[in-house]
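Geometric and topological summary
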Amino acid sequence: MDFDIVVVGAGPAGLCFACALADTKLRIALVETQPEAVLAEPAFDGREIALTHFSADVLRQLGIWERLDASAISPLRDAKVLNGPSLQGMNIEHRHGNKAELGYLISNHLIRKAAYDAAKSSHNVTLITETRVTDLHTDSDGGTVTLANGDTLRALLIVAADSRFSATRRAMGISARMHDFGKIMMVCCMEHDEPHEHVAWEWFDYGQTLALLPMNGNRSSVVITLPHHAMQPLLAMEPEAFNQAMTTRFAHRLGDMRLVSTRHSYPLVAVYADKFVAPRFALVGDAAVGMHPVTAHGFNFGLRGADTLAQGIIKAFRDGGDIAGPALLQAYQRKHRRATLPLFVATHAVAKLYTSESMPSRLLREALIGVGQRITPFKKLVAATLTGAR
Ligand SMILES: Cc1cc2nc3c(=O)[nH]c(=O)nc-3n(C[C@H](O)[C@H](O)[C@H](O)COP(=O)(O)OP(=O)(O)OC[C@H]3O[C@@H](n4cnc5c(N)ncnc54)[C@H](O)[C@@H]3O)c2cc1C
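As the structure is a computational prediction, the values presented were derived from the model and not from experiment. (Residues numbered from 1 in each chain as written. Predicted model: local features only at pLDDT ≥ 70, side-chain atom pairs only at ≥ 80, totals over all residues. Heavy atoms only, no water.)

Turning our eyes to something else, we now look at the sheet that holds strand β3 (residues 48-51). Spatially, β3-β7-β4 is the arrangement adopted by the three strands of the open sheet, whose pairing is antiparallel. Two strands lie at the open edges of the sheet, namely β3 and β4 (74-76), each paired on one side alone. For this sheet, the mean inter-axis angle between neighbouring strands, taken without regard to orientation, is 30°. (Pairing = 2+ DSSP bridges. Helix = DSSP H or I, 4+ residues; strand = E, 2+ residues; numbered from the N terminus. Axes fitted to C-alpha atoms, helices over the stretch in contact; angles between N-to-C directions.)

Glancing now at the pattern of salt bridges. Should the charged atoms of two oppositely charged side chains come close, the side chains can pair. For the structure on display, the rule yields 13 salt bridges. The salt bridge involving E191 is made with R258; its shortest N-O contact spans 3.5 Å. With E191 in strand β12 (residues 176-192) and R258 in strand β16 (residues 257-259), this residue pair connects regions lying 67 residues apart in the sequence. On the basis of relative accessible area, E191 is assigned to the partly exposed category, the value being 31%. We classify R258 as partly exposed; its relative accessible area is 32%. (Salt bridge = Lys/Arg side-chain N within 4 Å of Asp/Glu carboxyl O. Buried < 20%, exposed > 50% of the residue type's maximum accessible area, 1.4 Å probe, protein only.)

The full count for this structure, using the stated rule, is seven aromatic pairs. An angle of 55° between the planes, with centres 4.9 Å apart, marks the rings of Y272 and F344 as tilted. Taken together, the residues Y272 in strand β17 (residues 264-273) and F344 in helix α9 (residues 326-353) connect sequence positions 72 residues apart. Look at Y272 and you get buried, because its relative accessible area is 0%. The ring of W65 has R60 lying over it, and the distance from NZ or CZ to the ring centre is 4.8 Å. We note R337 situated over the ring of F276; from NZ or CZ to the ring centre the distance is 5.8 Å. (Phe/Tyr/Trp six-rings, centres within 6.5 Å; stacked < 30°, edge-to-face > 60°. Lys NZ or Arg CZ within 6 Å of the ring centre and 35° of its normal.)

As a further point, take the site of the ligand. Taken together, 29 residues lie around the ligand, and E32, R47, A50, D286 and F299 are the ones closest in. Measuring from an oxygen atom of the ligand, one finds a backbone N or O atom of A13 at 2.9 Å. Burial of the ligand by the protein chains amounts to 87% of its free accessible area of 1000 Å². Of all the elements in the fold, those that place two or more residues in the shell around the ligand are α1 (12-20), β2 (28-32), β3, β12 and α8 (298-318). (Near = heavy atom within 4 Å. Polar contact = N/O pair within 3.5 Å; in protein donor to acceptor, adjacent residues only side chain to side chain. Areas by Shrake-Rupley, 256 points an atom, 1.4 Å probe, with all protein chains shown as cover.)

So, about the nonpolar core. Nonpolar side chains in soluble globular proteins tend to end up buried together. If you look at the biggest cluster of nonpolar residues, it comprises 107 residues, and the most contacted ones within it are I5, F17, L309 and I313. If sequence neighbours within four positions are ignored, I313 has contacts with I5, F17, L21, L26, L157, I323 and L328. Membership of the second largest hydrophobic core comes to 22 residues, among which are I224, M231, M246 and F250. (Core = buried A, V, L, I, M, F, W, Y, C linked by side-chain atoms within 4.5 Å. Contact = heavy atoms within 4.5 Å.)

Moving on to helix α3 (residues 53-61). Listed in full, the buried residues belonging to α3 are H53, S55, A56, V58 and L59. Buried residues in α3 make contact with α1, β3, β7 (103-107), α8 and α11 (376-387). Downstream of α3 by a residue or two, G63 has a phi angle that is positive, lying close to 75°.

Moving on, we get to the side chain of Q208. Checked against the element boundaries, Q208 lands in strand β14 (residues 208-215). Within the local environment of Q208, its side chain forms a polar contact with the side chain of D205, the two groups lying 3.0 Å apart. The residues touching Q208, leaving out its near neighbours within four places in the chain, are W203, I224, T225, L226 and R249.

Quick look at the packing of α1 against α8 now. Close contact between α1 and α8 brings their axes to 9 Å; oriented N to C, the two are set at 30°. Relative to α8, the element α1 is oriented roughly parallel. Here α1 and α8 pass one another in a crossing that is right-handed. Facing α1, whose interface residues are P12, A13, C16, F17 and A20, α8 presents F299, L303, A306, L309, A310, I313 and I314. Partitioned by chemical class, the residues of the contact of α1 with α8 number 12 nonpolar, no polar and no charged. (Parallel < 35°, antiparallel > 145°, perpendicular 65-115°, else oblique. Left-handed = near helix turned anticlockwise from the far one by under 90°. Nonpolar A, V, L, I, M, F, W, Y, C, P; charged D, E, K, R; others polar.)

Below, the structure is given as structure tokens:
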């Protein structure tokens, strides 16, 4: 064997999985298409990641949290869900989750940089960059990946963390439930006149979905979801016109808004793999569960899965067992499905209902938010989900 484990993809999930096995005696290879300089200094990609308390704890254990500048971590105190033009929404407050805040917001590129630095500093992780995995197969003893440069690597276990459109998942013959919402999500950072009080908004307006993720200062990560044809003009607009358009779309609720970053767009596609494992093979991150971002759980689930799989491997290694045996992989699959499937299904239902514009749907949308606002145990459940207590 060239390595014990080959990880395909050094995105946040692949890097964190490697970090979870750092400084063990396991030899880990991390194969990534992008050049190493890009991993070392990732560019701003518009995403502000809402992290649960559970995720923050995992990042602390992985030595990643301590690499994040404290000023780059914004507390997420409360969250507000709004529907249509109504100002009455459902408020999820930190006190419902018995914590000082629901979670934290951190820029994705800063998480990626900190995860790269942590992986790079560990003696047992080898980065193989600027090449991609073009083929793989596994047998009862291990797996072999073929790289674009013609090299092959053999390992006891292959772990795919190569995005929700994972080519290695397909190469292994694993099917996935995939739903294309037919919409585009645009993210950017904006300054605004009114304070956000560290409250996140999810505003299911009519004809558009808006979200506001509070960053430190009078700045927020602004997220807008629209059909492709409506998004293109917004992406192409000069900053002055864009500022006016967004101030109007937010109904002046934050006063004047000003663009202070580049704009980034992402297609809205949710993915759930039908299996997370195959002989000597496992999926982690978006390759296993690619969430709709509305409940802000994609990377949180990626971290949870990476942690679950890594803990199983470390235990097997300590006990002198097989680090990629069928029982271990099945246990990972069971645990990660249990942790992710209910919220995946619920997120899908919420996303479908709250973007449906028919009159019965609009009435149901309003009614459900009203009921949710009045039922404290429900709000506690949502707060527990957001904080990662469940
Ligand atoms: C707008 C937006 C907002 C979001 N907000 C949140 C949030 O608030 N909270 C949250 O938890 N999550 C959020 N997410 C989700 C989160 O960003 C993703 O879950 C996370 O980035 C997935 O990480 P990953 O490593 O699995 O995949 P990716 O980030 O897609 O990385 C995959 C890596 O694999 C590499 N790769 C691909 N194919 C190959 C190959 N064949 N060989 C070698 N390398 C390969 C790629 O170059 C890439 O580096 C958001 C997502 C979006 C789009």
